[in-house]
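# Per-entry structural report
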Amino acid sequence: MKLRSAILTASLVCLPVLPAHAQTSAPPAAAPTATVPVPATKRVTCLATTASLKGQDKRDQLQLCLAQARLDCLKQAIDQKIVGESRRSFVKTCVGGDAPEPQ
């Protein structure tokens, strides 16, 4: 059962990366003036992957998933050379804001 959960988690975490990966193979266009993260937030993905779990397992997996999502968004901001308050705003938007986590 945990193997299925791990596979589901891995596949859902990789979904937001696919559109970004597909865009890198396209010919270079004019530099965008504003950075726009993927509309489906990573927080929603984390909540969906932990929905079948309960108790401490759910809290632990959700915390790990959100930490990985924040790290991925931070790496994306660094690659795009976003700094200062813009970076903070970008990471919050990318991860999914500061909505409270359901227990």
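All of these numbers come straight from a predicted model, not from anything done at the bench. (Residues numbered from 1 in each chain as written. Predicted model: local features only at pLDDT ≥ 70, side-chain atom pairs only at ≥ 80, totals over all residues. Heavy atoms only, no water.)

### Considering the packing of helix 4 (residues 55-79) against helix 5 (residues 84-95)
Where helix 4 meets helix 5, the closest approach of the two axes is 9 Å, and the angle between their N-to-C directions is 135°. Here helix 5 runs oblique to helix 4, going by the angle between their axes. For the crossing formed where helix 4 meets helix 5, the hand is right-handed. Contact residues: helix 4 offers A69, R70, C73, L74, Q76, A77 and I78, while helix 5 offers R87, F90, V91, C94 and V95. Across the contact of helix 4 with helix 5, the residue classes tally to 9 nonpolar, 1 polar and 2 charged. (Axes fitted to C-alpha atoms, helices over the stretch in contact; angles between N-to-C directions. Helix = DSSP H or I, 4+ residues; strand = E, 2+ residues; numbered from the N terminus. Parallel < 35°, antiparallel > 145°, perpendicular 65-115°, else oblique. Left-handed = near helix turned anticlockwise from the far one by under 90°. Contact = heavy atoms within 4.5 Å. Nonpolar A, V, L, I, M, F, W, Y, C, P; charged D, E, K, R; others polar.)

### Details of the nonpolar core
Among the nonpolar cores identified, the biggest contains 7 residues, and these are C73, A77, I82, F90, V91, C94 and V95. Considering each element in turn, this core owes the most residues, 4 residues, to helix 5. Excluding residues that lie within four positions of it along the chain, V91 makes contacts with R70, C73, L74 and A77. (Core = buried A, V, L, I, M, F, W, Y, C linked by side-chain atoms within 4.5 Å. Buried < 20%, exposed > 50% of the residue type's maximum accessible area, 1.4 Å probe, protein only.)

### Regarding unusual backbone geometry
A positive phi angle is found at K81, which is not glycine, with a value near 60°. Along the chain, K81 turns up in the loop between helix 4 and helix 5.

These figures capture arrangement, not role.
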